[in-house]
Amino acid sequence: ASTTNSRPWKAASRSTASDGGQVQLARASLRTVPTGSPARETHVRTAGISFGRALRVNSSLLTLHLGVCGLEAPSGFAIAEALSCNATLTRLDLESNPIGDEALCAICAALETSTSLKETNLRYLQGELAAGLALARMLRANRSLQKLHACHNDFGPPVAAALVAAFTAGVAPDVINLYACGFDDASKAELRQAAMLGHRLRPSLEGDGSEEIVASS
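Criteria and thresholds
- All residue numbers refer to position in the chain's written sequence, counted from 1.
- Whole-chain, interface and lining totals are the exception, using all residues; otherwise, since this is a predicted model, local features are given only for residues with pLDDT of at least 70 and side-chain atom pairs are given and counted only at 80 or more.
- With hydrogens and water stripped out, all remaining heavy atoms of the structure feed into the side-chain values.
- Here a strand is any run of E in DSSP of at least two residues, a helix any run of H or I of at least four, and the numbering for each starts at the N terminus.
- Exposed residues in this analysis have more than 50% of their type's maximum accessible area, buried residues have under 20%, and partly exposed residues fall in between, with area computed by a 1.4 Å probe over protein chains only.
- Two residues form a contact once any of their heavy atoms are found within 4.5 Å.
- Areas reported as accessible are Shrake-Rupley estimates using a 1.4 Å probe. Residue values count occlusion only from the protein chains shown.
- Any carboxyl oxygen of Asp or Glu that lies within 4 Å of a side-chain nitrogen of Lys or Arg is treated as forming a salt bridge with it.
- Helix axes are fitted only over the stretch in contact, all axes being lines through C-alpha atoms; the angle between N-to-C directions runs from 0 to 180 degrees.
- Note on terminology: angles under 35 degrees are roughly parallel, angles over 145 are roughly antiparallel, angles of 65 to 115 are roughly perpendicular, and the others are oblique.
- The definition of a nonpolar core used throughout is a set of buried Ala, Val, Leu, Ile, Met, Phe, Trp, Tyr and Cys residues joined through side-chain atoms within 4.5 Å.
- The definition of a polar contact used here is a pair of N or O atoms within 3.5 Å, where within protein one atom must be able to donate a hydrogen and the other to accept one, and adjacent residues in sequence count solely through side-chain atom pairs.
- By this rule the span expected of a helix is its residue count minus one, scaled by 1.5 Å.
- Charged means Asp, Glu, Lys or Arg here, nonpolar means Ala, Val, Leu, Ile, Met, Phe, Trp, Tyr, Cys or Pro, and polar covers whatever is left, Gly included.

1. Things to note about the overall build of the protein chain
Thinking step 1. For the protein chain, the count of helices and strands is seven helices and ten strands.
Thinking step 2. For the protein chain, the residues scored as buried account for 49% of the 217 residues in total.
Thinking step 3. Looking at the protein chain alone, contacts between residues at least 24 apart form 81% of all its contacts between residues at least 6 apart.
Thinking step 4. Just so you have it, the protein chain exposes about 9800 Å², and 50% of that area is on carbon and sulfur atoms.

2. Some thoughts on the pattern of salt bridges
A side chain with one charge may pair with a side chain of the opposite charge, provided their charged atoms come close.
Thinking step 1. The full count for this structure, using the stated rule, is three salt bridges.
Thinking step 2. Residue Arg-56 pairs with Glu-81 through a salt bridge whose shortest N-O separation is 3.2 Å. Of this pair, Arg-56 sits in helix H2 (residues 40-57) while Glu-81 sits in helix H3 (residues 73-83), and the two are 25 residues apart along the sequence.
Thinking step 3. Judged by relative accessible area, which is 46%, Arg-56 ranks as partly exposed.
Thinking step 4. Judged by its relative accessible area of 42%, Glu-81 falls in the partly exposed class.

3. A closer look at the packing of helix H4 (residues 100-111) against helix H5 (residues 129-141)
Thinking step 1. H5 packs onto H4 with a crossing angle of 5° between their chain directions and a minimal axis gap of 8 Å. Comparing the axis directions of H4 and H5 gives the class roughly parallel. Each of Asp-101, Leu-104, Cys-105, Cys-108 and Leu-111 in H4 lies in contact with H5, whose residues at this interface are Leu-129, Ala-130, Ala-131, Ala-134, Leu-135 and Met-138.

4. Brief notes about the nonpolar core
Most often, soluble globular proteins keep nonpolar side chains buried together rather than apart.
Thinking step 1. With 48 residues, the main nonpolar core has Leu-135, Leu-148, Phe-155, Phe-167 and Phe-183 as its most contacted residues.
Thinking step 2. Considering every element that reaches this core, the biggest residue donor is H4, with seven residues.

5. Side note on the side chain of Arg-123
Thinking step 1. Counting through the fold element by element, Arg-123 comes out in the loop between strand E6 (119-121) and H5.
Thinking step 2. Among the polar contacts made by the side chain of Arg-123, one reaches the side chain of His-149 at a distance of 3.4 Å.

6. Topic: the environment of His-65
Thinking step 1. Within the secondary structure layout, His-65 lies in strand E4 (residues 63-65).
Thinking step 2. Its relative accessible area of 13% is what places His-65 among the buried residues.
Thinking step 3. Residues His-65 and Leu-94, 29 residues apart in the sequence, show an inter-C-alpha distance of 6.7 Å.
Thinking step 4. A polar contact of 3.3 Å, which involves the side chain of His-65, links it to the side chain of Arg-91.

7. Some details on H4
Thinking step 1. Over its twelve residues, H4 extends 17 Å from the first C-alpha to the last, a length consistent with the 16 Å expected when each residue adds 1.5 Å.
Thinking step 2. H4 sits mainly inside the fold: nine of its twelve residues count as buried.
Thinking step 3. All buried positions along H4 are accounted for by Gly-100, Asp-101, Ala-103, Leu-104, Cys-105, Ile-107, Cys-108, Ala-110 and Leu-111.
Thinking step 4. Looking at the buried positions of H4, the neighbouring elements they touch are H3, E6 and H5.

8. As for unusual backbone geometry
Keep in mind that most residues, glycine aside, have a negative phi and that most peptide bonds are trans.
Thinking step 1. Of note, the phi angle at Ser-96 is positive, near 60°, even though the residue is not glycine.
Thinking step 2. Mapping Ser-96 onto the fold places it in the loop between strand E5 (91-93) and H4.
Thinking step 3. Phi is positive for Tyr-124, which is not a glycine, with a value near 55°.
Thinking step 4. Relative to the elements of secondary structure, Tyr-124 occurs in the loop between E6 and H5.

9. Focus on the packing of H5 against helix H6 (residues 157-168)
Thinking step 1. One can describe the packing of H5 onto H6 by two numbers: an axis separation of 9 Å at closest approach and a directional angle of 0°. If you check the angle between H5 and H6, you find them roughly parallel. Here H5 contributes Leu-129, Gly-132, Leu-133, Ala-136, Leu-139 and Arg-140 to the contact with H6, which in turn contributes Pro-158, Val-159, Ala-162, Leu-163, Ala-165, Ala-166 and Phe-167.
Thinking step 2. Of the residues assigned to the contact of H5 with H6, the class counts are eleven nonpolar, one polar and one charged.

Structural data, given as C-alpha cells:
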C-alpha cells in the first residue's frame, strides 16, 4: 500500500516486514506533502536526502515517486549513493527536480551496476553534457533497465554520438525517451539508424506527443 502520511520516508526506512511473503510497503510518494504547510519548502528539499538514507537499508520498497518535489543536488547525490547499494527498487521517478548535471552524473554512475531497477524517469533534471555521457556509459553497462525516460535534458550532439555507439552495440532498454535533449537533425538521424540496426528500436526524438521509443517486432 502507498504511504499516506506527511513523512513517508520514515515509513520507508523502517518498513522491511512482509506478510506471508508479500511486501507490505510497495510505494512511497512525496506528493502527499500538504501544500499549505509553511515548512513545505524545507520539507521537500530535505526529504530526498532522507529517502536516500532510507533506501540504503530498506529491502521492501519497490517503487519510489519523487517527481516535482523541488529536490536539488544534495538530494540527487544521496539518492545516487543509495542506488549503488539498494537491491530491491524496481521503479524510480525523479521527474522535474532541479538536481543538475553533477548529481545526475552520480545517479547514472550508480545505475551502471544496478540489477533490480527496471524503469526510471529522469525527465527535466537539468542534465547537460557530462550527465548525457554518463547516461550513455550507463546504458552500455546496465543489463536490467527496461524503460528509461530522459527527455528535456540539454545533452547536446556529443551525447547523441555516445548513444549511437551504445545502440550500435545492441545495448539499450526496450523503451527509451530522448526527445528535446539538444540533438540536431543529423544526430537524430544517426540515433534512429543505430537504434534500428542495433536494438530494433524506433526512437522518439521529436517531442511529437509520443512518450517512448518503442521496441519493434
